[in-house]
Amino acid sequence: MALQITEACTYCAACEPECPVNAISAGDDIYVIDAATCTECVGFSDSPACAAVCPAECIVQA
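What this report covers is the structure whose coordinates are included nearby. (Residues numbered from 1 in each chain as written. Predicted model: local features only at pLDDT ≥ 70, side-chain atom pairs only at ≥ 80, totals over all residues. Heavy atoms only, no water.)

Remarks on the overall build of the chain
(1) Moving on: In terms of helices and strands, the chain carries 1 helix and 4 strands.
(2) Moving on: When the helices and strands of the chain are placed in sequence order, the string is β-β-β-α-β.
(3) Moving on: Its C-alpha atoms give the chain a radius of gyration of 10 Å, within 12% of the compact-globule value 11 Å for 62 residues.
(4) Moving on: Referenced to the eigenvectors of the C-alpha coordinate spread, the extents of the chain come out at roughly 30 × 20 × 20 Å.
(5) Moving on: Per-residue burial over the chain gives 32% buried out of 62 residues. (Helix = DSSP H or I, 4+ residues; strand = E, 2+ residues; numbered from the N terminus. Rg over C-alpha atoms; globule rule 2.2 N^0.38 Å. Buried < 20%, exposed > 50% of the residue type's maximum accessible area, 1.4 Å probe, protein only.)

Focus: the packing of aromatic side chains
(1) Moving on: Under the defined criterion, the tally for this structure stands at 1 aromatic pair.
(2) Moving on: Arranged with centres 5.0 Å apart and planes meeting at 45°, the rings of Tyr11 and Tyr31 form a pair that is tilted. Of this pair, Tyr11 sits in the loop between β1 (3-5) and β2 (24-26) while Tyr31 sits in strand β3 (residues 31-33), and the two are 20 residues apart along the sequence.
(3) Moving on: A relative accessible area of 36% places Tyr11 in the partly exposed class. (Phe/Tyr/Trp six-rings, centres within 6.5 Å; stacked < 30°, edge-to-face > 60°.)

Below is the structure:
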């Protein structure tokens, strides 16, 4: 269970502070999600918080 950020990422950083398990970090050109850490916000929210705030809608199922 994990999400990924596509190349459509605008590097806005809106997603990073929303992650309750700190699975999102800045990559070279786009933000990246650590699949081993990502819980899709299970136990924290009804839906992935990062996807809810992403203006580019580039966070998808891995």
